[in-house]
Amino acid sequence: MIGQNANKSSRKRAEFVVIGLGRFGTSLARTLVQNGHTVLGVDSDMNLVQRHSHEITQTIQLDSTDEQALKEIDITSFDTVVVAIGTHFEASLLTTVALKSLGVKHVLCKATNERQRDILLKVGADKVVLPEFEAGERLATMIIAPSVVSQMTLCPNVGISELVVPDSLVGRSLEEADLQARYGLSVVAIQRGTNVQTNLKRGIVFRQGDMLVVIGPTDAVHRLSSHV
Ligand code: ATP
């Protein structure tokens, strides 16, 4: 451990550890902190440790492939550790192995390709994300179906989607629209302004600007969203 840097709120015990303060790791740590969580940010580069010390609860410089250094920060006392190292795959791999062999419960990793993901899962990573692939998929959805605001995949081609009600449904009731029969989609909620209705009553009529939360095939959501 070469150095330590902590901001004023560092007396509060961090809940999560983010190893690797590149663009991805920093964005993750910042978002967790902005949502009221405490994060220990780790990087081998002292400049990055210092640069981000004002926005991350605690930052520390160490080489995460060094098991002894991880023990010194009592890494096993954290339930969730994110390995946000991508390009330096060897470092990501050695860090993941070290974390799992020390007994960290949840190790989440970032990978830059599917082969890296498979290797990280084989050595014990609990979850691996491919941010560039996932961003590409989201951008494709934005192009194919601009009215789909968010999507959560449950299994291939089935998910929960949030979309702006298509013009063709405005003024029609839930029963008239019959999205289950026409698209295989179940409407689970309607957001109207700040009000979210989940217990959908018979006869509810879609209004301009409603946001629908539907569950079902993703390709059907795309067809529905283009049905203006
Ligand atoms: P970005 O998130 O910016 O796209 P990246 O995917 O290119 O980053 P890397 O540059 O490989 O990922 O690593 C991200 C960060 O992890 C860097 O700031 C780097 O200094 C740090 N890092 C790399 N190896 C180690 C290590 N052994 N211990 C601690 N930090 C490390």
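Not measured: the values here are computed from a predicted model.

Quick notes on the rules
- Residues numbered from 1 in each chain as written.
- Predicted model: local features only at pLDDT ≥ 70, side-chain atom pairs only at ≥ 80, totals over all residues.
- Heavy atoms only, no water.
- Helix = DSSP H or I, 4+ residues; strand = E, 2+ residues; numbered from the N terminus.
- Rg over C-alpha atoms; globule rule 2.2 N^0.38 Å.
- Buried < 20%, exposed > 50% of the residue type's maximum accessible area, 1.4 Å probe, protein only.
- Contact = heavy atoms within 4.5 Å.
- Areas by Shrake-Rupley, 256 points an atom, 1.4 Å probe, with all protein chains shown as cover.
- Lys, Arg positive; Asp, Glu negative; His and termini not counted.
- Charge placed at Lys NZ, Arg CZ, Asp CG, Glu CD.
- Pairing = 2+ DSSP bridges.
- Domains from an automatic or database assignment.

1. A word on the overall build of the protein
So, step 1. The number of helices and strands found in the protein is nine helices and twelve strands.
So, step 2. For 228 residues, the compact-globule formula gives about 17 Å, and the C-alpha radius of gyration of the protein, at 22 Å, lies well above that figure.
So, step 3. Taken along the three principal axes of its C-alpha coordinates, the protein extends 65 × 40 × 30 Å.
So, step 4. Expressed as a percentage of its 228 residues, the buried residues of the protein come to 42%.
So, step 5. The long-range share in the protein, meaning contacts at least 24 apart out of those at least 6 apart in sequence, stands at 59%.
So, step 6. Entry remark: accessible area of the protein is about 12400 Å², with carbon and sulfur atoms responsible for 53%.
So, step 7. With 23 positive and 24 negative side-chain charges, the protein shows a spacing of 5 Å between the two charge centroids.

2. As for the pairing of strand 10 (residues 186-192)
So, step 1. Here strand 10 pairs with strand 12 (residues 211-217) via five bridges, running antiparallel. Within strand 12, the position partnered with Ile 190 by the bridge is Leu 212.
So, step 2. Pairing between strand 10 and strand 11 (residues 195-197): three bridges, direction antiparallel. Bridging from a neighbouring strand, Arg 192 pairs with Asn 195 of strand 11.
So, step 3. Connecting strand 10 to the next strand, strand 11, in antiparallel fashion are two residues, including Gly 193 with a positive phi near 65°.

3. Quick word on the domain arrangement of the protein
It is common to give the size of an interface as the accessible area lost on bringing the parts into contact.
So, step 1. In terms of domains, the protein is made up of domain 1 (8-144) and domain 2 (148-225).
So, step 2. With centres defined by C-alpha atoms, the gap from domain 1 to domain 2 works out at 36 Å.

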